[in-house]
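Residue-level structure breakdown
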Amino acid sequence: GDSVTQTEGLVTLTKGLPVMLNCTYQTTYSPFLFWYVQHLNEAPKLLLKSSTDNKRTEHQGFYATLHKSSSSFHLQKSSVQLSDSALYFCALSDTNAYKVIFGKGTHLHVLP
Amino acid sequence: GGIITQTPKFLIGQEGQKLTLKCQQNFNHDTMYWYRQDSGKGLRLIYYSITENDLQKGDLSEGYDASREKKSSFSLTVTSAQKNEMAVFLCASKGLENYAEQFFGPGTRLTVL
């Protein structure tokens, strides 16, 4: 069946450094990929999404490119801020468009 | 814009008790979801509903029932609360398109004594 894998449970780095959070997926159909961010004691919110192969999508300084050849949708930012500390989820929209499959999430902890 | 409301915000129950969580949305979305999130962890799908009166089981449906009597509301019942069920329960909704984003409610935090 469809699945999403986020390999890092926790990423810790200093403010101002670049970051990449990994996301790979498995599906037999055309993929729709999402990144959601959840700050402490808040609900998850959409950060960005894509269904177009090899096209970079950006929002709030974060960016990601869907690569169908490698089944990847890694999230990147060139310079992290303290306010970026949060839990980040990669998600895949199921083939029938109803079920959304989430990865286990990656905690990003930014140090001063 | 719209909003998702979840009640109650905090729910304290006794082990073995039947507990009901409620969710309302005014996005006019067809599809609604219940997820369970254990402390700082991922989202596990309990139930979802494609439209009014429809119910679909997720990966974690055992021990739960759900009800979708109206398009705008989706209830979740914990049939017999267990101590290891302390978690936040998140309700979400989305439109029918593959590319539609999910909108989440603020959550109900369940504590079982």
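Anything mentioned here points back to the structure above.
Described below are features of the structure shown in this document. Please read these numbers as outputs of a predicted model, since none were measured by experiment. (Residues numbered from 1 in each chain as written. Chains lettered and ligands numbered in written order. Predicted model: local features only at pLDDT ≥ 70, side-chain atom pairs only at ≥ 80, totals over all residues. Heavy atoms only, no water.)

Residues and elements named next belong to chain B. Spatially, β1-β3-β8-β7 is the arrangement adopted by the 4 strands of the open sheet, whose pairing is antiparallel. At either margin of the open sheet sits one strand with a lone partner, and together these are β1 (4-7) and β7 (64-70). Ignoring which end each strand starts from, the neighbouring axes of this sheet average 15 degrees apart. With 4 bridges joining them, β1 and strand β3 (residues 19-25) adopt antiparallel strand pairing. Within β3, the position partnered with Thr 5 by the bridge is Gln 24. (Pairing = 2+ DSSP bridges. Helix = DSSP H or I, 4+ residues; strand = E, 2+ residues; numbered from the N terminus. Axes fitted to C-alpha atoms, helices over the stretch in contact; angles between N-to-C directions.)

Bringing the interface of chain B and chain A into the picture now. Contact residues are listed per partner, giving 25 residues for chain B and 24 residues for chain A. When the two sides are added together, the surface that chain B and chain A hide from each other amounts to roughly 2000 Å², 58% of it contributed by carbon and sulfur. One can count 1 salt bridge joining chain B with chain A. On inspection of chain B and its partner chain A, the count reaches 5 residue pairs in polar contact (both at pLDDT 80 or more). (Contact = heavy atoms within 4.5 Å. Buried area = accessible area lost by both parts, 1.4 Å probe. Salt bridge = Lys/Arg side-chain N within 4 Å of Asp/Glu carboxyl O. Polar contact = N/O pair within 3.5 Å; in protein donor to acceptor, adjacent residues only side chain to side chain.)

The next point concerns the layout of surface pockets. Rolled over the atoms, a probe with the dimensions of a water molecule shows which regions are left empty. In this structure, the largest pocket encloses a volume near 530 Å³. Forming the boundary of the largest pocket are 23 residues, of which Gln 38, Asn 41 and Glu 42 of chain A together with Val 88 and Arg 109 of chain B lie nearest the centre. The dominant element in the lining of the largest pocket, judged by the number of residues it contributes, is strand β9 (residues 87-94) of chain B, at 3 residues. A breakdown of the residues in the lining of the largest pocket according to their chemical character gives 9 nonpolar, 10 polar and 4 charged. For the second largest pocket, the calculated volume is near 270 Å³. Lining the second largest pocket are 14 residues; nearest its centre among them are Phe 102 of chain A together with Leu 43, Arg 44, Leu 45 and Asp 59 of chain B. Of all elements in the fold, only β11 (100-102) of chain A together with β5 (43-49) of chain B reach the threshold of two or more residues within the lining of the second largest pocket. Here the residues of the lining of the second largest pocket sort into 6 nonpolar, 2 polar and 6 charged. (1 Å grid on protein atoms, 1.4 Å probe; cavity = no way out; pocket = protein on both sides within 12 Å on 5 of 7 lines; lining within 4 Å. Points joined across faces, edges and corners; volume = space filled by probe spheres on them. Nonpolar A, V, L, I, M, F, W, Y, C, P; charged D, E, K, R; others polar.)

Read these as layout, nothing more, since geometry by itself doesn't imply function.
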